[in-house]
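# Observations on the model geometry
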Amino acid sequence: MESMVIRQIITKFAAAKVYIMSVILDLKQNFTQPLTAEYSITDDMLASVENTLVKGGQLTASVTAQQAPEGLRLTIHTAGKAVVECDRCLDDMEVDIDTTNSLSVQTADRFEDADDIIYVEKSQKELDLWPMVYDFIVLALPVTHVHPEGQCNKEMAEKLSQYIV
Ligand SMILES: [Zn+2]
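This report concerns the structure included in the present document. (Residues numbered from 1 in each chain as written. Predicted model: local features only at pLDDT ≥ 70, side-chain atom pairs only at ≥ 80, totals over all residues.)

## A closer look at the environment of G71
As for its position among the elements, G71 is in strand 5 (residues 71–85). Judged by C-beta crowding, with 18 C-beta atoms within 10 Å, G71 ranks as partly exposed. Discounting residues that sit within four places of it in the chain, G71 has contacts with S104, V105 and Q106. (Helix = DSSP H or I, 4+ residues; strand = E, 2+ residues; numbered from the N terminus. Buried ≥ 20, exposed ≤ 12 C-beta atoms within 10 Å, placed from the backbone. Contact = placed C-beta atoms within 7 Å.)

## Topic: the pairing of strand 4 (residues 56–68)
As defined by bridge partners, strand 3 (residues 35–41) adjoins strand 4 across 7 bridges and the pair is classed as antiparallel. Within strand 4, the position partnered with I41 by the bridge is L59. Judged from the 13 bridges that link them, strand 4 and strand 5 form a sheet pairing that is antiparallel. Its bridge partner lying in strand 5, Q58 is registered against K81. Turn length for the strand 4-strand 5 hairpin, with the two strands adjacent in sequence and antiparallel, is 2 residues. (Pairing = 2+ DSSP bridges.)

Structure, rendered in structure tokens:
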């Protein structure tokens, strides 16, 4: 299988210790045959997104792109571990993520209202897939996540239980 040109741009702001990352899909490639690329979703990438449930982790996203009649069809398989807070004791815990999602990339002149379509300008050369991949990880999180029985941080779980009426 051919390798799709995906460029990971990593910008590090040393002072703020913020990592801004993106995964660029080159839209000017020939997608007549499916092109696949894998990339790492690192702890730093996940930690750089603020105010969300995901605190870190290590995952792999495998992106396959192929030209379809309506536009470019993307299938993104994301799997690995995500770090979240335990609902019971608030300590970090890992949850398994294994999710496959499809997206259609279409030019803006064919606008329809749909969640799984990304609209791009005809002249657009690149598309950053990181926000979509991040959403897929968050959507794949279990509704509740707690350590297996008996494996919580005991001290913290006891403290917190005092506040539960
Ligand atoms: Zn716990």
